[in-house]
Amino acid sequence: MSTNEQSEQPSRVQQITTKTGRILRVTDEQIAAALAQQTVVATQPKVDPARRADVLFRVRRDEGHELSSWWMIGAFVVTSGVVIALLSWVPGGA
């Protein structure tokens, strides 16, 4: 008798191909361990990338609370007016 016939249930080996084309040999126990690890990771709170500490001005707002596009148009007009006013003080202008 071989060793597989003596054991109660031989572990089944699967071949999984990764995105890079590498072929992995994975047993049922490894798959179960990976699934258990994914459930532990899934229970951890999700971190919103827009609310990280290193992001200063980007904020994800709730639906309906987005910034109006008229604020950006107004900011462009005001900035352009300030630049033109400052350039008018430069001597030798036309």
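A.B. asks: Describe the overall build of the chain, with residues and values.
C.D. replies: Helix and strand content of the chain: three helices and two strands. For the chain, the N- to C-terminal ordering of α and β elements is α-β-β-α-α. Put simply, the chain shows about 9,300 Å² of open surface, and 61% of that area lies on carbon and sulfur atoms.

A.B. asks: Explain the pairing of strand β1 (residues 13-17) to me, using residue names and the numbers behind them.
C.D. replies: Pairing geometry for β1 and strand β2 (residues 23-27), over five bridges, is antiparallel. Bridged to I16 within β2 is L24.

A.B. asks: Which residues make up a nonpolar patch on the surface, and what values go with them?
C.D. replies: A contiguous nonpolar surface patch, about 500 Å² in accessible area, is contributed by W70, I73, F76 and V77. Residue placement: V77 occurs in helix α3 (residues 69-88). Residue V77 is classed as exposed on the basis of its relative accessible area of 52%.

A.B. asks: Summarise the confidence of the model for the chain; cite the residues concerned and give the values.
C.D. replies: Mean pLDDT over the chain: 76, with 70% of residues reaching 70 or higher. Of all secondary-structure elements in the chain, the lowest mean pLDDT belongs to helix α1 (residues 3-6), at 48, while α3 reaches the highest, 95.

The rules behind the values
- Residues numbered from 1 in each chain as written.
- Predicted model: local features only at pLDDT ≥ 70, side-chain atom pairs only at ≥ 80, totals over all residues.
- Heavy atoms only, no water.
- Helix = DSSP H or I, 4+ residues; strand = E, 2+ residues; numbered from the N terminus.
- Areas by Shrake-Rupley, 256 points an atom, 1.4 Å probe, with all protein chains shown as cover.
- Pairing = 2+ DSSP bridges.
- Patch = residues over 30% accessible without salt bridge, like charges linked within 9 Å, V, L, I, M, F, W, Y side chains within 5 Å.
- Salt bridge = Lys/Arg side-chain N within 4 Å of Asp/Glu carboxyl O.
- Buried < 20%, exposed > 50% of the residue type's maximum accessible area, 1.4 Å probe, protein only.
- pLDDT = per-residue confidence, 0-100.

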